[in-house]
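# Overview (structure and organization)
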Amino acid sequence: MSESTPTRPEADRIRALLETESDEIKENTRLFNAARYDAVEAVGAETHEQYRTRAREIKEKSIERLPDLIHRTRTAVEANGGTVYVADDAEDANRYITRVVADEGADSVVKSKSMTTEEIDLNDALEADGFDVWETDLGEFVIQVAEESPSHIVGPSLHKSREEITALFEREFEPDEPLDSAQKLTAFAREFLGERIDEADVGITGANFVMAESGSIALVTNEGNARKCASIPDTHVAVAGIEKIIPSIAELEPFAGLISRSATGQDVPQYLSLLTPPVDTPTIDFDRADEPGFGGGDADREFHLVLIDNGRRAMRRDEELRETLYCIRCGACANSCANFQSVGGHAFGGETYTGGIATGWEAGIEGLDVAAEFNDLCTGCSRCVNACPVKIDIPWINTVVRDRINRGKDPGFDDLLVDGLVPDEEGSGTPLRKRFFGNFETVARLGSATAPLSNALASTGVARKSMESVLGVDARRDLPAFERTTLRKWARSRDPNVEDPVRRVVLYPDVYTNHVRTERGKAAVRVLEALGCEVVVPDVGGSGRAPLSQGMIATAERKARSAAESLLPYLEDGYDVVVVEPSDIAMFRREYEKLLPAGAYERIDEGSYEILEFVYGLLENDGDIDALPAGNGAGIAYHSHCQQRTLGLESYTETVLERLGYDVLTSDVECCGMAGSFGYKSEYYDLSMDVGETLAEQFEPAADERTVVASGTSCMEQLDSLLSPGTRHPIELLDPVGREDETPNGTSPLRKS
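Residues numbered from 1 in each chain as written. Predicted model: local features only at pLDDT ≥ 70, side-chain atom pairs only at ≥ 80, totals over all residues. Heavy atoms only, no water.

## Remarks on the pattern of salt bridges
We count it as follows: Salt bridges are defined by distance alone: a side-chain nitrogen of Lys or Arg within 4 Å of a carboxyl oxygen of Asp or Glu. The secondary structure listing takes helices from DSSP runs of H or I that are at least 4 residues long and strands from runs of E that are at least 2 residues long, numbered from the N terminus. Throughout, exposure labels follow a simple rule: accessible area from a 1.4 Å probe, protein chains only, divided by the maximum for the residue type, with under 20% read as buried, over 50% as exposed, and the rest as partly exposed.
This structure, assessed with the given rule, holds 55 salt bridges. For Asp686, the salt bridge identified is with Arg476, shortest N-O distance 3.6 Å. With Asp686 in helix H35 (residues 685–699) and Arg476 in the loop between helix H24 (461–471) and helix H25 (487–492), this residue pair connects regions lying 210 residues apart in the sequence. For Glu591, the salt bridge identified is with Arg545, shortest N-O distance 3.3 Å. Linking Glu591 in helix H30 (residues 582–595) with Arg545 in helix H28 (residues 545–549), this pair joins segments that are 46 residues apart in sequence. Given the relative accessible area of 15%, Arg545 is considered buried. When salt bridges with common partners are traced through the structure, they connect Asp12, Arg15, Asp474, Arg476 and Asp686 into a single cluster.

## Some details on the packing of helix H16 (residues 358–365) against helix H19 (residues 394–407)
To keep it simple, the criterion reads: As a rule, the C-alpha atoms of each element are fitted with a line to give its axis, helices using only the stretch in contact, and angles between N-to-C directions run from 0 to 180 degrees. Orientation labels follow simple angle bins: below 35 degrees gives roughly parallel, above 145 gives roughly antiparallel, 65 to 115 gives roughly perpendicular, and whatever is left gives oblique. By the convention used here, residues are in contact when the closest approach between their heavy atoms is within 4.5 Å. Classification convention: Asp, Glu, Lys, Arg as charged; Ala, Val, Leu, Ile, Met, Phe, Trp, Tyr, Cys, Pro as nonpolar; all other residues, Gly among them, as polar.
At their nearest, the axes of H16 and H19 sit 8 Å apart, and the two run at 40° to each other. In this view, H16 runs oblique relative to H19, as classed from their interaxial angle. Residue-level contacts link Thr359, Gly360 and Ala363 of H16 to Ile397, Asn398 and Val401 of H19. Looking at the contact of H16 with H19 residue by residue, the classes come out as three nonpolar, three polar and no charged.

## Re the sheet that holds strand E15 (residues 635–639)
Counted only if it meets this: When DSSP finds at least two bridges between two strands, those strands are taken to pair.
What the three strands build is an open sheet, ordered E16-E15-E17; its pairing is parallel. Among the strands making up the open sheet, the edge pair consists of strand E16 (663–666) and strand E17 (706–710). This sheet shows a mean twist of 25° between the axes of neighbouring strands, independent of strand direction. Judged from the four bridges that link them, E15 and E16 form a sheet pairing that is parallel.

## Some words on the state of the cysteines
Covalent bonding between the sulfur atoms of two cysteines is what defines a disulfide. Worth spelling out the cut-off: Note that a disulfide, as used here, is simply two cysteine sulfur atoms within 2.5 Å.
Considering all chains together, one arrives at zero disulfides under this definition. Considering cysteine sulfurs only, Cys381 is the nearest to Cys337, which forms no disulfide, with 6.0 Å between them.

## A word on a nonpolar patch on the surface
Operational definition: Exposure above 30% relative accessible area and the lack of any salt bridge qualify a residue for a patch; like charges then connect within 9 Å, and the nonpolar side chains Val, Leu, Ile, Met, Phe, Trp and Tyr within 5 Å. Accessibility throughout is a Shrake-Rupley quantity obtained with a 1.4 Å probe, and a residue counts as covered only by protein chains that appear here.
On the surface, a nonpolar cluster with roughly 260 Å² of combined accessible area is contributed by Ile249, Leu272 and Leu274. Among the structural elements, Leu274 can be located in strand E9 (residues 271–275).

## Looking at helix H1 (residues 8–20)
Quick reminder of the rule: Expected helix span is taken as 1.5 Å per residue step, with the number of steps being one fewer than the number of residues. As used here, the arc belongs to the directions running from the helix axis to the C-beta atoms.
In this model, H1 (13 residues) spans 18 Å end to end at C-alpha, consistent with the 18 Å of a helix rising 1.5 Å per residue. Taken together, the buried positions of H1 are Glu10, Ala11, Ile14, Leu17 and Leu18. The arc enclosing the buried residues of H1, seen along the axis, measures out at 125°, which places them on a common side. Of the residues in H1, the exposed ones pointing more than 90 degrees away from the buried face are Arg8, Pro9, Glu19 and Thr20. Along its buried surface, H1 packs onto helix H2 (22–43), helix H15 (338–343) and H35.

## What about the nonpolar core?
Side chains of nonpolar character tend, in soluble globular proteins, to be buried together. The condition that has to hold: Among buried residues, those of type Ala, Val, Leu, Ile, Met, Phe, Trp, Tyr and Cys that are joined through side-chain atoms within 4.5 Å constitute a nonpolar core.
Counting residues in each nonpolar core, the largest one holds 59 residues, and the members touching the most others are Ile357 and Ile392. Look past the residues within four positions of Ile392 in its chain and what remains in contact with it is Arg56, Glu323, Thr324, Tyr326, Cys327, Ile357 and Ile397. Membership of the second largest hydrophobic core comes to 34 residues, among which are Cys533, Val615, Val709 and Leu733.

## Section: the environment of Asp704
In this fold, Asp704 is placed in the loop between H35 and E17. Separated by 69 residues in the primary sequence, Asp704 and Gly635 place their C-alpha atoms 9.7 Å from one another.

## So, the packing of aromatic side chains
Defined as follows: Geometry of aromatic contacts follows a simple scheme: Phe, Tyr and Trp rings, the Trp one being its six-membered ring, pair when their centres are within 6.5 Å, and the pair is stacked under 30 degrees between planes, edge-to-face over 60, tilted otherwise.
Counted under the stated rule, the structure contains 25 aromatic pairs. With 5.9 Å between their ring centres and 25° between their planes, Phe141 and Phe173 make a pair best called stacked. On the criterion of sequence distance, the pair formed by Phe141 in helix H8 (residues 138–146) and Phe173 in helix H9 (residues 162–173) is long-range, its members being 32 residues apart. A relative accessible area of 0% means that Phe141 is categorised as buried. Owing to a relative accessible area of 22%, Phe173 belongs among the partly exposed residues under this scheme. Here the aromatic cluster, defined as three or more aromatic residues joined through ring pairs, consists of Trp134, Phe141, Phe169, Phe173, Phe188 and Phe192.

## Notes on the environment of Ala371
For Ala371, the position within the fold is in helix H17 (residues 368–372). It is 21 Å that separates the C-alpha atoms of Ala371 and Gly679, two residues lying 308 residues apart in sequence.

## Points about the packing of helix H3 (residues 45–64) against helix H12 (residues 253–264)
Note the threshold: Whether a crossing is left-handed or right-handed is set by the direction in which the near helix is turned from the far one by less than a right angle, anticlockwise for left-handed and clockwise for right-handed.
Between H3 and H12, the least distance of the axes is 9 Å, while the angle of their chain directions is 115°. At the point where H3 passes H12, the crossing takes the left-handed sense. Together, His48, Tyr51, Arg52, Arg54, Ala55, Ile58 and Lys59 of H3 and Glu253, Pro254, Phe255, Leu258, Arg261 and Ser262 of H12 make up the contact between the two elements. Its residues placed into classes, the contact of H3 with H12 shows six nonpolar, two polar and five charged.

Now the structure itself:
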């Protein structure tokens, strides 16, 4: 196998996680994700968006003035009687905290959940110096007892079932009574951890937010033990990344609701503790419980705020990773990610952080090697974009890191094979497989030019075996069949028949519509003409989506510039650009902002439309709906493309189909699991199918009565794989000409045997 292709152990590792942890992770992350949707709806989408905008502004400004805020925090905490220590890295932080614990003469330490202390491996450092350390958050306690790493930022043990936790506790603690219910488990943990808190000499917490003006900290928890850790032991150490500082309590308000709503769908946090340590609570001595005030009350309290750099200042200077510092650690990106829902953070995560945002954290804190271990699990579906409470462009961070990983590899034998032959802008070292998928437009041109021979050769066993061993293309996945007559060639061969058009349209010939799924392109032309539009299909290349998905940003940028040069003259001449493939309209409206000059991006963004969005607009402006075939009550099972939903475009398709008389059943799964090239890669095939299975399960009960319809190429391929081939694009249902191979009742799929 080529050095650029994955190793079998990675496929085995993912398969093992699918078998052992997937069920619990799916149940819990989907529960959180659904609750988030409900919570946003309850508060109102507009209000929620206002909070997101305000939170984003606060984080942007706070990171911009971070040095000043650190100085102000130090001043305030010291005025309160505490101490601030800014640690350069994990070793520095652990050395300071261990010294504080030792100076207290402590034997035991209790902690509340803190990803930052996980990041610096604080427990290991304290235990190495002989201190007992107890996690008091139940999920973190389970992980500590199991000697595992967290699988989720918010729910570290959500990959474990209650039965597994019962077996773990009964094996490790040998309780007098069986822990055979959630109530008994919780009661046991509460009593056990309560005793550890009572006995502890030092309490360590994290801090969700640090307020520079007052030196206060905000703790957001579900169990309340963080406040006990901060107020019962005489000495309190709070550990937080420097990015957690905001100016004052006035800036806390939008985050207080956003963090719980985004994390678990709760209207407000179970516990939101605001402390200005050292706290005024009298000290407590549980050995003198019979005395007034537990015999304490007059001992000195100590407070140490340890602010962690550990790569964050460098991330602040990095224009691409800087956004990562806006993260408030809610886990919404993980909960909304279809891949994460199947495998969790033990696959989709690094040394500490998990989910989509983990790539930014791990690249900034641990380095590219750690980020490379899971970066490809982000498919760029963009479902996390709208879920993030501070509007971090997580897919772009993943793409940038992927680009850096590509460029960081040493040139190998692969480079000798392809150097100078592939039409991309990438340097030596870019893996051969990424170049293959990133240059799919070239593959498609060759495939169409030589079809049907190319399709026949590619389907032979020898070819499939070679593709799997050299490129890691899974032999179980059906390959696309290239059309000899491309959409552009077909369009040039016909005479437009629209006089006095209501609109002039450029139908963008994306790579798949032009070379593989030409029927949907032809249908789009006929539908637009039926509604009175003049349609041209120009000679314009790929949008850059394929190379961008492989982290080949320079190549994507070149293709974006080329596409813009072709499309802008039409836009200036009054044409509208209409796009069939949702991933390409997403390029025009989202990623082109990063790839093109502002003026060019804005013009394309303003003048481009997804095909059913455009049809909806025509119908709203006196378009003749009778020019399109009626649905007559026929059933549709519709799956909208993930990027289409991120842009808020799926409702146009639903509305148009319903206005034509179709009965539309829309799936609610976040992603089909195919995601362009992702589902072709051998180490991800099982994961891709596992994600897709959820979609198939939704449609299968209705498959005998409804036509399965999907907007994206990948979605259509995945549904064809899971059900019988025949998934259609919605524009094909609107085609006045129809399809010759349409079944009598218009229905398509049965599950593939």
